[in-house]
Amino acid sequence: MSTGVILIILCSLILLGYLLELIAKRLRIPSVLLLIGLGVVLKLVTTYLQIETIDFMRVIPTVGTLGLILIVFEGGLELEYKAEKRSIVRNAFVLSLLILVMTAVGIAGVFMQMTGADFYTSLVNAIPYSVISSAIAIPSARNLSAQSREFITFESSFSDIFGIVFFNYALQNSVLTWPVVGGLLSELTIVTLLSLFFCALLLYLLRSITHHVKFVMIIAFMVLLYAIGKELHLSSLILVLIFGLLVRNIHLIKHPRVKQLFQTDSYKRDFHLLHSITAEGVFLVKTFFFILFGFIIDLNLLTDPVMLQIGGVVLLVIYLSRLIALPVVIRKVMPELLFSPRGLISILLYLSLPDALRIPQLHTGLLFFTVLATSLVMVSSVFLGKKN
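Basis of the calculations
- Residues numbered from 1 in each chain as written.
- Predicted model: local features only at pLDDT ≥ 70, side-chain atom pairs only at ≥ 80, totals over all residues.
- Heavy atoms only, no water.
- Helix = DSSP H or I, 4+ residues; strand = E, 2+ residues; numbered from the N terminus.
- Rg over C-alpha atoms; globule rule 2.2 N^0.38 Å.
- Buried < 20%, exposed > 50% of the residue type's maximum accessible area, 1.4 Å probe, protein only.
- Axes fitted to C-alpha atoms, helices over the stretch in contact; angles between N-to-C directions.
- Parallel < 35°, antiparallel > 145°, perpendicular 65-115°, else oblique.
- Contact = heavy atoms within 4.5 Å.
- Patch = residues over 30% accessible without salt bridge, like charges linked within 9 Å, V, L, I, M, F, W, Y side chains within 5 Å.
- Areas by Shrake-Rupley, 256 points an atom, 1.4 Å probe, with all protein chains shown as cover.
- Salt bridge = Lys/Arg side-chain N within 4 Å of Asp/Glu carboxyl O.
- Polar contact = N/O pair within 3.5 Å; in protein donor to acceptor, adjacent residues only side chain to side chain.
- Core = buried A, V, L, I, M, F, W, Y, C linked by side-chain atoms within 4.5 Å.
- Phe/Tyr/Trp six-rings, centres within 6.5 Å; stacked < 30°, edge-to-face > 60°.
- Lys NZ or Arg CZ within 6 Å of the ring centre and 35° of its normal.

On to the overall build of the chain, then. For the chain, the helix and strand inventory stands at 15 helices and zero strands. Computed over the C-alpha atoms, the radius of gyration of the chain is 21 Å, within 12% of the 21 Å expected from 2.2 N^0.38 for a compact globule of 388 residues. The C-alpha extent of the chain, read off along each of the three principal axes, is 65 × 60 × 45 Å. Counting across all 388 residues of the chain, residues that qualify as buried make up 50%.

Take a look at the structure:
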């Protein structure tokens, strides 16, 4: 395939992705559904025309991880913290952790009962299905009320972080003991402190660099720190969220030196430019990721009756867990009950499963079914939130 043909394909996909984004916004549905559908159509076309393609399974984890970083960062940039929002942050923190554990244990029980796997293997396989996708939740929440939008942004971001931490520790520790719990808490404390230090460094770079090219460098440095933390099995997504929150809420720091450096018109311009560049990057990465995910889906797997039965019970556990936890934590059910999509982070965690821990009955068809079904359910919550 020539360079010209490759450029034509890439640019055409970007333009199609933009068009689908506009259509999705018009219809008030998640754009990822249309992107996945486009990927499925492209797969059918290439198969019919017998066009040879590369193994996109090698590309998806990298593209998805970059998308996750940018999406969480963009979510942090959009959250302006105020004293009256303290309860929203606290409730989102508690609820995301509670629902993650409830859902993972419940789905693990389903996998044990329906596949015969042991509890540990079932739990590791259940965690990817227990994490709310901020890649889908945050953009779609723009159609909800301001309070619900902020809550869902915090909840989905926390769910991503907790889900990754939970998954990594489940892979490394097959038995839960007090030393393991202590090690987890110690790691989170260290990572948070390191994140604050590096965020201060990133803020200094954002304010001090005078070269006309600086935002890409800052984002690249942030991604580099995340990648280093990931290789060291640290929860470096915390750094991304904290940096986004600090950039957006630097005005809350009342120190005279901070006010002199950051509460200026030039910093406000830099903030808006950084936010704009991040949003452009999110659109680009998300477009390619979900098109590729739709491309690798084998539609024949969706006809597996065992998979459909397991998928139906998994959905029941997902929404039953939320139905139990939401009234306890936030004393509210709708539309947050239905706003629990699975997507990018679930796909990334699923692809990270070692072959020795994979359950044969839980193939990519179940993952696609869960992503599709939870997104369709979320559509009704979007309309309900808009009506309210």
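Two numbers describe how helix H1 (residues 3-27) lies on helix H12 (residues 265-296): the axes approach to 10 Å, and their chain directions differ by 100°. One element, H1, and the other, H12, form an angle in the roughly perpendicular class. Only Phe283, Leu284, Lys286, Thr287, Phe288 and Ile291 of H12 make contact with H1, whose side of the interface consists of Leu10, Leu13, Ile14, Gly17, Tyr18 and Glu21.

The subject of this paragraph is a nonpolar patch on the surface. Where nonpolar side chains cluster on the molecular surface, the patch consists of Phe93, Val94, Leu97, Val101, Val105, Met112 and Phe119 and spans about 540 Å² of accessible area. Sorting elements by how many residues they give to the nonpolar patch places helix H4 (residues 86-115) first, with six residues. In this structure, phenylalanine 93 sits in helix H4.

This part takes up the side chain of threonine 46. Structurally, threonine 46 is set in helix H2 (residues 31-48). A residue is classified by how much of its surface remains accessible, and threonine 46, at 15% relative accessible area, is buried. At 2.9 Å, the side chain of threonine 46 forms a polar contact with the backbone oxygen of lysine 43. Apart from the residues lying within four places of it in its own chain, the contact partners of threonine 46 are Ile51, Thr53 and Phe295.

Mapping leucine 372 onto the fold places it in helix H15 (residues 364-387). For the pair leucine 372 and leucine 42, spaced 330 residues apart in sequence, the C-alpha separation works out to 18 Å.

Leu68, Phe111, Met222, Phe243, Val247 and Phe290 are the most contacted members of the largest nonpolar core, which totals 122 residues. Examining the composition of this core, we find that 12 residues originate from one element, H12, more than from any other. Contact partners of phenylalanine 111, with chain neighbours within four places excluded, come to Gly116, Ala117, Ser122, Asn125, Ala126, Tyr129, Ile310, Val314, Leu362 and Leu366.

Further remarks concern the packing of aromatic side chains. Describing an aromatic ring pair means giving the distance of the ring centres and the angle of the ring planes. In this structure the tally under the stated criterion is 10 aromatic pairs. An angle of 70° between the planes, with centres 5.2 Å apart, marks the rings of phenylalanine 197 and phenylalanine 198 as edge-to-face. The class of phenylalanine 197 is exposed, set by a relative accessible area of 54%. Through a chain of ring-to-ring contacts, three or more aromatic side chains come together here, namely Phe93, Phe154, Phe158 and Phe162. Positioned over the ring face of tyrosine 350 is arginine 358, at 4.8 Å from the centre of the ring.

Okay, the environment of glycine 229 next. Structurally, glycine 229 is set in helix H9 (residues 215-231). By relative accessible area, glycine 229 is classed as buried at 8%. Separated by 10 residues in sequence, glycine 229 and leucine 239 place their C-alpha atoms 9.5 Å apart.

Enumeration according to the criterion identifies two salt bridges in this entry. Across the pair glutamate 155 and arginine 322 runs a salt bridge, and its minimum N-O distance is 2.9 Å. Residue glutamate 155 is located in helix H7 (residues 146-172), and its partner arginine 322 is located in helix H13 (residues 305-329); the two are separated by 167 residues in the primary sequence. Its relative accessible area of 1% is what places glutamate 155 among the buried residues.

The next point concerns the environment of asparagine 300. Relative to the elements of secondary structure, asparagine 300 occurs in the loop between H12 and H13. In this structure the C-alpha to C-alpha distance between asparagine 300 and arginine 322, which are 22 residues apart in sequence, comes to 31 Å.

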